[in-house]
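Each chain is listed here by its residues.
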Amino acid sequence: MVKTLFITLTIVLLTIGCIVHSSAFAASNSKGDLKKAEESIDKAIEYTSNGNLTDAKKAYDQYDKTWREIEGGIKGDSVAAYRDIELNMGKVVYAFTLKKPDLVLDALNNLKAVNKKFMNGGYPKEVEMKQEDISLDDFILLLQQTKKKIALHEQAQALQGIKQASDSWLSVEGTVVAQSSVVYSDSERDLVTVQAMLAANPPNYEKAEKTINNMINYLTPLAGKSEYTFWDAAMILIREGLEALLVVIALLSFVKKSGRKGNGWIWSGVLSGLGVSIILAFIVKFVISSGAFGNNNTLIAGWT
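Residues numbered from 1 in each chain as written. Predicted model: local features only at pLDDT ≥ 70, side-chain atom pairs only at ≥ 80, totals over all residues. Heavy atoms only, no water.

Draft legend 1. Summary view of the packing of helix H2 (residues 30–49) against helix H3 (residues 53–77). Between H2 and H3, whose axes approach to 8 Å, the crossing angle comes to 165°. By the angle class used here, H2 and H3 are roughly antiparallel. Relative to H3, the crossing made by H2 is left-handed. For the contact of H2 with H3, the class distribution of residues is 13 nonpolar, six polar and five charged. (Axes fitted to C-alpha atoms, helices over the stretch in contact; angles between N-to-C directions. Helix = DSSP H or I, 4+ residues; strand = E, 2+ residues; numbered from the N terminus. Parallel < 35°, antiparallel > 145°, perpendicular 65-115°, else oblique. Left-handed = near helix turned anticlockwise from the far one by under 90°. Nonpolar A, V, L, I, M, F, W, Y, C, P; charged D, E, K, R; others polar.)

Quick look at the structure:
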């Protein structure tokens, strides 16, 4: 019994240590990660300067892929830097859709400048942004209101609406990423792309309306799934509890029938399992960020 609890405690402490160490390391190395990712931006600039937008887009896509892996560290260091980088990424994406090398080159250089500002310590260390009391349904309603302003070609109001949506995104992204990492990435991309379209001279209202409408369409199903009642939670506990109980009963019956002494091992296993479950629940709730959990939920479940 004591040996089992000791082994269990050791595993849990090692798990916590690895998670905390990884989180701290990621935060301290965010500037190095961004510098390495920027190699793709340099390639994109070189290709664009030579008029090769096809290879430039491929190089930028590699930067975007790397960004999705390291953005948590940048966000942890500075929300302002995270937003500025995302906004300039949206301008790059929009410039590529226009297929104009001069606009693409300008957008890429602006993104590089923002990255350099962060790496040089131009953004002060910030505390974690305060979460708003907003649901995914509220967020979608905000997008719908912004869509109406876009349809009326009211640039100032539409820009204000999409900026408000961007500010609110950090409060609902956990709900989205927990259900679909693909929708999460698409949402982040489209939010800043719409803002770039509206801020352009002249604004591209048609594409902005189409993009924000697409956002509403792929986010709406997730809003319906994010609402759970007491009975939904209770049924999970009842179902899983009954399955676990059947396993325990089967093991106790086998031990009794075999005439061996093993009940103590079985019950120590049950108690250890309950203890580990509680500790892991605490880790997932308070240690692992929603973004990290959503993007790695399969790995986390497998290791657990």
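Draft legend 2. Molecular detail of the packing of aromatic side chains. A complete count under the given rule lists five aromatic pairs for this structure. Considering the side-chain rings of Tyr60 and Phe96, the 6.0 Å spacing of their centres and the 40° angle between planes classify their relative orientation as tilted. Remark: Phe96 occurs in helix H4 (residues 79–98) and Tyr60 occurs in helix H3; sequence separation between them is 36 residues. On the basis of relative accessible area, Tyr60 is assigned to the buried category, the value being 2%. For Phe96, a relative accessible area of 9% gives the class buried. Consider the rings of Phe139 and Trp169, whose centres lie 5.6 Å apart with planes at 50°: the pair is tilted. You can see Phe139 sitting in helix H6 (residues 136–151) and its partner Trp169 sitting in helix H7 (residues 155–177), a full 30 residues away along the chain. Residue Phe139 shares its accessibility class with Trp169, and that shared class is buried. Through a chain of ring-to-ring contacts, three or more aromatic side chains come together here, namely Tyr60, Tyr63 and Phe96. Lys117 extends its terminal NZ or CZ atom over the ring of Tyr123, reaching a point 4.5 Å from the ring centre. (Phe/Tyr/Trp six-rings, centres within 6.5 Å; stacked < 30°, edge-to-face > 60°. Buried < 20%, exposed > 50% of the residue type's maximum accessible area, 1.4 Å probe, protein only. Lys NZ or Arg CZ within 6 Å of the ring centre and 35° of its normal.)

Draft legend 3. Here's a closer look at the side chain of Ser40. Considering the arrangement of structural elements, one finds Ser40 in helix H2. Dropping the residues within four chain positions of it, Ser40 is found in contact with Ala59, Gln62 and Tyr63. (Contact = heavy atoms within 4.5 Å.)

Draft legend 4. Broad picture of the pattern of salt bridges. The final tally for this structure, using the stated rule, is 13 salt bridges. Residue Lys112 pairs with Asp42 through a salt bridge whose shortest N-O separation is 2.7 Å. Residue Lys112 is located in helix H5 (residues 101–119), and its partner Asp42 is located in helix H2; the two are separated by 70 residues in the primary sequence. By relative accessible area, Lys112 is classed as partly exposed at 26%. One network of salt bridges, in which partners are shared, links Asp64, Arg68, Glu71, Glu86 and Glu188. (Salt bridge = Lys/Arg side-chain N within 4 Å of Asp/Glu carboxyl O.)

Draft legend 5. How the structure looks around unusual backbone geometry. Backbone torsion omega between Asn201 and Pro202 reads 5°, so that peptide bond is classified as cis. The topology assignment puts Pro202 in the loop between helix H8 (181–199) and helix H9 (205–225). If you check the backbone angles, Lys99 has positive phi at about 60° while not being a glycine. Within the secondary structure, Lys99 sits in the loop between H4 and H5. Using a relative accessible area of 66% as the deciding quantity, one classes Lys99 as exposed.

Draft legend 6. Looking closely at the layout of surface pockets. Here the second largest pocket defines a volume of roughly 320 Å³. Lining the second largest pocket, in full, are Lys91, Tyr94, Ala95, Leu98, Leu103, Asp106, Ala107, Asn110, Ala196, Ala199, Ala200 and Asn201. Of the residues belonging to the lining of the second largest pocket, the class tally is eight nonpolar, two polar and two charged. (1 Å grid on protein atoms, 1.4 Å probe; cavity = no way out; pocket = protein on both sides within 12 Å on 5 of 7 lines; lining within 4 Å. Points joined across faces, edges and corners; volume = space filled by probe spheres on them.)

Draft legend 7. Fine view of a nonpolar patch on the surface. A contiguous nonpolar surface patch, about 460 Å² in accessible area, is contributed by Met235, Ile238, Leu242, Leu245 and Ile249. Tracing the chain through its elements places Leu242 in helix H10 (residues 230–258). On the accessibility criterion, Leu242 (48% relative accessible area) is partly exposed. (Patch = residues over 30% accessible without salt bridge, like charges linked within 9 Å, V, L, I, M, F, W, Y side chains within 5 Å. Areas by Shrake-Rupley, 256 points an atom, 1.4 Å probe, with all protein chains shown as cover.)

Draft legend 8. Representation of the nonpolar core within the structure. In terms of nonpolar packing, the biggest core is built from 64 residues, with Tyr60, Tyr63, Phe139 and Leu143 touching the most fellow members. Sorting the residues of this core by element identifies H2, H3, H4, H5, H6, H7, H8 and H9 as the ones contributing at least two each. Looking at this core, the element that brings in the most residues is H4, giving 10 residues. Excluding anything up to four places from it in sequence, Leu143 contacts Ile162, Ala165, Leu191, Ile212, Met215, Ile216 and Leu219. (Core = buried A, V, L, I, M, F, W, Y, C linked by side-chain atoms within 4.5 Å.)

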